[in-house]
Every structure is written in structure tokens, then in C-alpha cells.
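# Secondary and tertiary structure notes
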Number of protein chains: 2
Amino acid sequence: MDRLMKPTIYDIAQKAGVSAATVSNVVNSRGRVGEETRKKVVKVMDELHYRPNLAASVLKGKPARTIGFFVPDMLNPIYMEYVKYAEERAQACGFSIIMCSTENDPQKERVQADILRQKNVDGFIITSKFQNEQLLQELEQEGFPSLCLAHERNEFQFDSVTGDDEQAGQMAADYLVSLNHINVAMIAEKDSLSSPGRITGFQKRFQELGKNAPPVFFAEASIERAKKVAKEVIREKKPTALFGGNDVIAVGIIQAARELNLSIPAELSVIGLDNTFLCEIVSPQVTAISMPVKKISYKGIDLLIDKMKSGRDVRKAAVYPPALVERVSAQKRKK
Amino acid sequence: MDRLMKPTIYDIAQKAGVSAATVSNVVNSRGRVGEETRKKVVKVMDELHYRPNLAASVLKGKPARTIGFFVPDMLNPIYMEYVKYAEERAQACGFSIIMCSTENDPQKERVQADILRQKNVDGFIITSKFQNEQLLQELEQEGFPSLCLAHERNEFQFDSVTGDDEQAGQMAADYLVSLNHINVAMIAEKDSLSSPGRITGFQKRFQELGKNAPPVFFAEASIERAKKVAKEVIREKKPTALFGGNDVIAVGIIQAARELNLSIPAELSVIGLDNTFLCEIVSPQVTAISMPVKKISYKGIDLLIDKMKSGRDVRKAAVYPPALVERVSAQKRKK
DNA sequence: GTGAAAGCGCTAACAG
DNA sequence: CTGTTAGCGCTTTCAC
């Protein structure tokens, strides 16, 4: 064996005086190998710093132990959190995560999905509505293991793991009502698959409690945009409380209030949804309905791996309940 | 060809009436292929939705077009920004990024590095001091393409791309001095490889300007920890201005001031370093010395790819100058 | 300009 | 319990 080449199974076999098959068996703890031989082989592998070449076993049809993870925007705190925990869990399960930022561009989605599949990635996790419906259809048809994280696509057979958006909306409503707020509005993220549930839950709950359903306004997922919309809403509706459909929007509301010299929570109560680290960074700190991001990510990885291994074709969907995290951005309405 | 199997070059070759070698040549635009044949082959590839299997070509020794990206903590905004731009650039260059969160654990560093190399990753980008020095030595010895992003390791031969930490510290000093602040302190990140340069630049500049070098205190890289240290410093030193060695620390200072009922910038000026999105989220928005994160990431990817392709062994290091971004957290000292 | 053939490193029957 | 063998899909001389 050339001293510069990485050792192969054959080098190990030769040096240990066994066959390549035996080495392979040792590496994969498969087949019956005598304890003697096993030890010997292990010893040689250590000495030579043997590292199996995954490309070869992948070529033979074994899994690449790699997952493609698609996000529209890596700098959005909510996606960062999903990524973080997904990677954490994947690592624990012996998988790696390839990041793919798509910018919501169907073209990029397609190109990256193709590349990842050339790389024999075992499955995809998709964290926001893919723009490329045709791609989704192909994935479904081929039965390529894919999972929707933090959103659902009922038209497709993909597994999904989400927080309960409707319940989250409901909880926000309950909380605001318990604080005596009547003149309330919601600013929801435009084009988000989470928004409909959150809106429905919020409005329905108000009605169930015998109040008018609060109006809903829309903003894109950026603090800047949300701030702009919030300013308009505040000026026109003069609400005593505002519900941000996600944390980024809640932060936009906070900034709008500041620029309008409205004090929070004295003059305006604000409640967010997701409970990312943003809530603790801004001031005042934001009361929010918390989505169990870590649990969702972990379960997403688990379900996807399960799907890859079992090859099951029945769809699985997990939904986790949100929870209220009280901080200081909302208070009882002053008489 | 089985209708369920992914097509191989042989399937393409057969259907196009040529040999596998020719198909390979077409795929890689290599060798001489007649225009006629080329078109025909391309057509068949399209029809069959042919997607080359990277595992096979990697096995043959071609690059996997994948980079391993190590971060200690994905939720730290500065790393998120580095990842974001690195991925963006890598994508443009036809590479993918595998994320690896190490939590500064030498054991994890080792395990993940081994796994990535089994996966035939072409190179590593390391964003903070690896704890596992032995691993670094091995990488260096084997000439495995690796690059230090946003820090340097002069003991090793790795390429590096950084912002100029010393100059950044200097600029912070200049700015604070220009604002008439004399009673100043710095809170730097403990155990960060960026801190020494930032500290040196900051202190030296004060001395060059004929002032006393401001004292430096240390905090770990978390808002919580920084806040705690900041409170102590404020109580004991009663500074008129505080320099946060990075944005996370600056935010900790802001929160400390708030809890101490000190108004910023009226009673305390604060300046951060890095200029991540955090600076715009907190209030008041933070004046900061900005590191050109995007440029650094882009260059890091470019250098690493260059290194992989050229196999050069001379070390390259790029350093980018910081810039002052004025916001509202610092102002002229009141008489 | 195109094809035949060997082999990258590993796996999985199947023999022995 | 261990070895032989035949590929996985692609690349790359080297003939033709």
C-alpha cells in the first residue's frame, strides 16, 4: 500500500491476514466474526487510521446518512432555530445536514434539489412552502422521503411536523381577552402557510367569547415591512393591543410603537408568536405564544429517518401544542 | 432498464445508440464528441431525467463539491451570518455546505470531522478556534484543504480570511475619543481568538492619543453573561462609555443599562463590534464597528475552492478593513 | 470521433 | 466462521 493513499478495506485485510469481506463485516458489525479476528482487524484499522469511504457503500446502495434541509432565508430567527435543533438531532442520529437556502425561488429549489439527489441525500426537510409545485409532485411520485417542517401540505403525501397554529391563535386571543382588550388587531405574515391557522384560531376565539373578530392585516416577513404596516394600523385603528403573527412581526410592531412614541405595554400591548430568541432581545421583552421548536425539529428528524428506513407509505403528521410565555409587552387594559 | 430504477449512463448510452464513455464525455463536456451525437445524447438524458450519480464519480476520485462548515453555536447571530453568506457563495460556485455544530467540544469536532471525511467532503471551513489541536495537526499534515474564517491560527498552515480586529478596536477608540469619552471600559469575549486583536487596537489607540488605556473585562459569548458583567462594570467604574467586543456583548450591555435605569446614550454610550442584525433590532439601535461579513464569507469560499483545485501549499490570508456604522447608542459626552 | 475495458472501495450472496 | 466473487455507476486511458 502506497504510504500516501488512504487505506482501503484491502489494506486492512492484508495486514490483518483476513479477507476484505471479513473486514467489511467487522466495520458493519454484520455477519459472524470470531472475537479473535475482530480484535485483530480493529487493531489494524486503528493503526492505519482506517476511515471507510462512504462513496463506495453509497454506490452499493447504502444510505448516505445525509439530509437536505431547505430554508427560504437563513437569517430569519425562526428558521435558524429549526436548523439548529434539526442539526443537533441529526448529529445524534448519525446524520449530517446539508443546508439549502432557496430565497423562495422555484428555480433554486429545483437546481438544489437535483444536486442534492445527485449527492444521494437520503431525504429532504422543507421548512416553508416550496414555490416549485412540480418539484414537489416529482418527489411525491418517486416516493423520495420528504417532510414538511412547521407547515403542512395536505395536497401531498409528505409527513409533517408542526405546532398547532390554530390553537396558538386561540391562546393569543384568550390572553388578550383576559387582559380586557377589545380593540385589537392582528398583523399576519403574508403568503405564509402558518398564517391561515393562526388567523382562524385568533378570530374564532374572539367570536366564541362573544366579541367581534379582530381585523387582520398582512406584512411580509421582515421587521421593516412589519413596522410599516404596524404604523398604519396603529394610526388608523388605535388598538389597545396588537397580535404579531410571528416574532419578526411582533418586533416590527415594537419598533413602530417606539417611533410613534407609544409606550409598551402602557399604551399598547403586544403579543408575539413562536417565541424565538428575538423575544428576549428586544425591549420590552415580548410576551409570546411559544411553539416548541426544539421538539418539532427533533420529531421532524425522527420521522424522516423512520420514513427512510421503513419505507412506509402511510403519511404521518405530528402536531405539538403551543404555550403562553408571559413577559412584559402586554398588560391589562387601563380603564 | 427497469422502469423503477434511476437511469444510468448505460441506459442513456443504449437508448442513444452510443457507448457509456461517450455519454460520460457529454456529461462532463470532455473529450471529442461530434455535435450530432452530443445533441442526441442530451436529448435522451432529458427524456429519461438522467441525474448522474455523484457517488460513482467521487469513488473515481472526483470532488464531491461539498464543504464542511464548523460553527460552535448556530444561534449566535455572527455565525449565522457567516453561514448564510458562505452558503450563498458556495451555491453560486456549485458547492454544498454541510453544517456542523460543535459546541466547542473537541470530541464532537473529531467525530464530525471524521464523518465528513468519510463523506469525501472536499474541505473544511472552521469559524472558531477548534478545541481539538490534534485534529488540526492531522488536517495540516494530510494537507486537507481547511480554512479559518474570522480568525487566524498562525501555528498552522491553514488559509484564513478575517476582518482586521486590531483596526476595529482602534476605530472604536477613535470614535469614543472623538465623542470626548475618557472614562471608558471594554467588555471582551472570553476565549475568543478575535479578542486579543480587538483589545490591543482599542487600548493602544487610547495611549497613542495620550489617554489611559481603558480597562478590559471579560464575559462569555452570551447576552446573559455579558449583562451580568456589564452591570458590575457599570456599578464599579461608572464609565460614560462602554465598548462591547462583539454585538452579543453590546446587547448585554444595553440590557444591563436598562435594568440599572441608565439611559442610552444620554447617560451611557455603547458601541458594538461586528454589526450583525442584532444592532438594528435592539433599542436603542447600536452604533457598531462593522466587519464585512459577507465579503469575508465569500472570500473564504473562494480561497478554499482555489486551494482544493490548485493544491497549492503556500498559505493565503486575506484581511478586510472594518467600518464605522453610526446609529444612536453613542453620543458626545455631556460636560 | 467513439468504444472496450479496467477499476475506484465497498457489500452481500454464496461457498466452503 | 471466513473467503470468493460479482457488481454498484462512472471515468479514463488506449485502441480502433
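For chain A, an unreviewed UniProt entry supplies the name HTH lacI-type domain-containing protein and the organism Domibacillus enclensis.

## What to know about the overall build of chain A
Helices and strands together make up the secondary structure of chain A, namely 13 helices and twelve strands. Across its three principal directions, the C-alpha atoms of chain A cover 90 × 40 × 30 Å. Split into buried and exposed, the 335 residues of chain A put 55% on the buried side. Sequence separation of at least 24 residues holds for 69% of the intrachain contacts in chain A that already meet a minimum separation of 6.

## Observations regarding the UniProt feature "domain: HTH lacI-type" (unreviewed entry) in chain A
In the UniProt entry, the feature "domain: HTH lacI-type" (unreviewed entry) is given for residues 7–61 of chain A. In residues 7–61 of chain A, the share of helix is 65% and the share of strand is 0%. The end C-alpha atoms are 22 Å apart.

## Let's talk about the domain arrangement of chain A
We note that the domain assignment places domain 1 (1–53), domain 2 (57–163 + 295–320) and domain 3 (165–290) within chain A. A separation of 35 Å is found between the C-alpha centroids of domain 1 of chain A and domain 2 of chain A.

## A word on the interface of chain B and chain A
With 51 residues of chain B at the interface, the matching set in chain A holds 51 residues. Buried area between chain B and chain A, both sides added, is near 4200 Å², and the carbon and sulfur share of it is 55%. The tally of links from chain B across to chain A stands at four salt bridges. With its nearest N and O atoms 3.6 Å apart, the salt bridge here joins A:Asp73 to B:Lys84. Taken together, the connections running from chain B to chain A amount to 22 residue pairs in polar contact (both at pLDDT 80 or more). Contributing elements (two or more residues each) for the side of chain B that touches chain A: α4 (54–59), α5 (77–92), β2 (96–101), α6 (106–118), α11 (247–259) and α12 (278–281) of chain B. Considering only residue class, the side of chain B that touches chain A consists of 25 nonpolar, eleven polar and 15 charged. As paired elements, strand β2 (residues 96–101) of chain A and β2(B) share three bridges and run antiparallel to each other.

## Some words on the protein's contact with DNA strand C
Taken together, 26 residues form the shell around DNA strand C, and within it A:Ile9, A:Tyr50, B:Gly34, B:Thr37 and B:Lys60 come nearest. The sugar and phosphate moieties of DNA strand C supply 70% of its atoms located within 4 Å of the protein. At 2.9 Å from a phosphate oxygen of DNA strand C is found a side-chain nitrogen or oxygen belonging to A:Ser24. One of the side-chain nitrogen or oxygen atoms of B:Thr37 is found 2.6 Å away from a phosphate oxygen of DNA strand C. Of all the elements in the fold, those that place two or more residues in the surface near DNA strand C are α1 (9–16), α2 (20–27) and α4 (54–59) of chain A together with α2 (20–27) of chain B. Tallied by class, residues from the surface near DNA strand C come to eleven nonpolar, ten polar and five charged.

## Side note on the environment of B:Thr66
With respect to the helices, strands and loops of the structure, B:Thr66 is situated in strand β1 (residues 66–71). The exposure class of B:Thr66 is buried, given its relative accessible area of 5%. When the C-alpha positions of B:Thr66 and B:Asp174 are compared, they lie 42 Å apart, and in sequence the two are 108 residues distant. In this view, B:Thr66 contacts A:Lys119, B:Phe95, B:Ser96, B:Ile98, B:Val121, B:Asp122 and B:Gly123; residues no more than four positions away in its chain are not counted.

Rules of the game
Residues numbered from 1 in each chain as written. Chains lettered and ligands numbered in written order. Predicted model: local features only at pLDDT ≥ 70, side-chain atom pairs only at ≥ 80, totals over all residues. Heavy atoms only, no water. Helix = DSSP H or I, 4+ residues; strand = E, 2+ residues; numbered from the N terminus. Buried < 20%, exposed > 50% of the residue type's maximum accessible area, 1.4 Å probe, protein only. Contact = heavy atoms within 4.5 Å. UniProt positions renumbered as here; feature names shortened; annotations may be inferred. Domains from an automatic or database assignment. Buried area = accessible area lost by both parts, 1.4 Å probe. Salt bridge = Lys/Arg side-chain N within 4 Å of Asp/Glu carboxyl O. Polar contact = N/O pair within 3.5 Å; in protein donor to acceptor, adjacent residues only side chain to side chain. Nonpolar A, V, L, I, M, F, W, Y, C, P; charged D, E, K, R; others polar. Pairing = 2+ DSSP bridges. Near = heavy atom within 4 Å.

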